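Coordinates in review
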Amino acid sequence: MKKRLLLHICCAPDATVAIEELADDYDTAGFFYNPNIYPGTEYDKRLDSAINLAAASDLVLKVGQYDAARWFEAVTGLEAEPEKGLRCDTCFRMRMEETARTAMGEGFEIIATVLTTSPHKNAEKINSIGQEIAYEHGLEYLSTDLKKKDGFPRSVQLSRELNLYRQNYCGCIFSKTRE
Ligand code: SF4
């Protein structure tokens, strides 16, 4: 029997390659939990796109709460941090913690994230945070570096083919104002 994997999805384009690579090896469900996304209209666009991808891929998609106030509270004092800095670590941690809590509550054994598709993200750092959180919750963590083996251009191609919305900033208000 395949192990149950809860795959954190930050956006549809980044999830395309992960679904292609992992969905057959595991009993996979997606988890959209991204309270970092600003503004709410952008959140809705990314969520709609993830729902469309899940439908096209026959993937169960779970949707977490859009608790933006909690996210802002978590990154208070880190507003001026550059991308890949401490604010991003906190942001990854918050999203992976919610993924782990949901996985535990719903009987998943493994967690992973599609965040490593982006060439702008440090996969080593993301995997290290993910491993730590999975360990704390008694779960397995699946390390990935989805941008490797042309994963990123493949995600661009698949997004085009599936007509998925592609954003031009990471997600939070601080990344938007530095576009
Ligand atoms: S830049 Fe991206 S990863 Fe970093 S805090 Fe903002 S939304 Fe989160």
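Residues numbered from 1 in each chain as written. Predicted model: local features only at pLDDT ≥ 70, side-chain atom pairs only at ≥ 80, totals over all residues.

Quick look at the overall build of the chain
- A tally of regular secondary structure across the chain gives seven helices and five strands.
- When the helices and strands of the chain are read in sequence order from the N terminus, they spell out β-α-β-α-β-α-α-β-α-β-α-α.
- Its C-alpha atoms give the chain principal-axis dimensions of roughly 45 × 40 × 30 Å.
- A buried classification covers 42% of the 179 residues belonging to the chain.
- Within the chain, contacts between residues separated by at least 24 positions form 73% of all contacts whose residues are at least 6 apart in sequence. (Helix = DSSP H or I, 4+ residues; strand = E, 2+ residues; numbered from the N terminus. Buried ≥ 20, exposed ≤ 12 C-beta atoms within 10 Å, placed from the backbone. Contact = placed C-beta atoms within 7 Å.)

Details of the site of the ligand
- Near the ligand the following residues occur: Asn36, Glu83, Arg87, Cys88, Cys91, Cys170, Gly171, Cys172, Phe174 and Ser175.
- Those elements that place two or more of their residues in the shell around the ligand are α4 (86-105) and α7 (173-177).
- With three residues, α4 is the largest single contributor of residues to the shell around the ligand.
- Grouping the amino acids of the shell around the ligand by side-chain chemistry returns five nonpolar, three polar and two charged. (Near = placed C-beta within 6 Å. Nonpolar A, V, L, I, M, F, W, Y, C, P; charged D, E, K, R; others polar.)

Let's talk about the environment of Met96
- As for its position among the elements, Met96 is in helix α4.
- Sequence spacing of Met96 and Ile111 is 15 residues, and the spatial spacing of their C-alpha atoms is 8.3 Å.

Focus on the sheet that holds strand β3 (residues 60-63)
- Strand order in this open sheet of five strands is β3-β2-β1-β4-β5, and the pairing throughout is parallel. Across the chains shown, the open sheet's two edge strands, defined by having one partner strand only, are β3 and β5 (140-141).
- Relative to the sheet, α4 contacts β1 (4-9), β2 (27-32), β3 and β4 (110-113), its axis offset from that of β1 by approximately 150°. (Pairing = 2+ DSSP bridges. Axes fitted to C-alpha atoms, helices over the stretch in contact; angles between N-to-C directions.)

Quick notes on helix α1 (residues 12-22)
- For α1, a buried count of eight out of eleven residues is recorded, marking the element as mostly surrounded by other parts of the structure.
- Turning to α1, its buried residues number three or more, namely Ala12, Pro13, Asp14, Ala15, Thr16, Val17, Ala18 and Ile19.
- In the core, the buried residues of α1 are packed alongside β1, β2, α2 (40-57) and α6 (151-161).

Some thoughts on α4
- Between its first and last C-alpha, α4 extends 29 Å over 20 residues, near the 28 Å set by a 1.5 Å rise per residue.
- Arg87, Cys88, Cys91, Phe92, Met94, Arg95, Met96, Glu98, Thr99, Ala100 and Ala103 are the residues of α4 that are buried.
- Tucked inside the fold, the buried residues of α4 contact β1, β2, α3 (68-74), β4, α5 (123-136) and α7.
- Count one or two residues on from α4 and you reach Gly107, which has phi positive near 80°. (Expected span 1.5 Å × (residues − 1).)

Some thoughts on the nonpolar core
- Judged by nonpolar contacts, the single largest core of 44 residues is most densely connected at Leu6, Leu7, Ile9, Ala15, Ala50, Ile111 and Val114.
- Secondary structure elements with two or more residues in this core: β1, α1, β2, α2, α4, β4 and α5.
- Looking at this core element by element, the count peaks at seven residues for α4.
- Beyond its immediate chain neighbours, meaning those up to four positions away, Val114 contacts Leu7, His8, Ile9, Cys10, Asp14, Ala15, Ala18 and Leu146. (Core = buried A, V, L, I, M, F, W, Y, C linked by C-beta atoms within 7 Å.)

What about the environment of Leu78?
- Turning to its location among the elements, Leu78 is positioned in the loop between α3 and α4.
- The partly exposed category is assigned to Leu78, around which 15 C-beta atoms lie within 10 Å.
- In sequence terms Leu78 and Asp67 are eleven residues apart; their C-alpha atoms lie 18 Å from each other.
- Excluding residues that lie within four positions of it along the chain, Leu78 makes contacts with Leu86, Arg87 and Thr90.

Describing unusual backbone geometry
- Residue Pro39 follows Tyr38 across a cis peptide bond; omega there is -5°.
- We note that Lys149 has phi near 55°; this positive angle belongs to a residue other than glycine.
- Its location among the elements puts Lys149 in the loop between β5 and α6.
- Phi is positive for Asn163, close to 60°, though the residue is something other than glycine.

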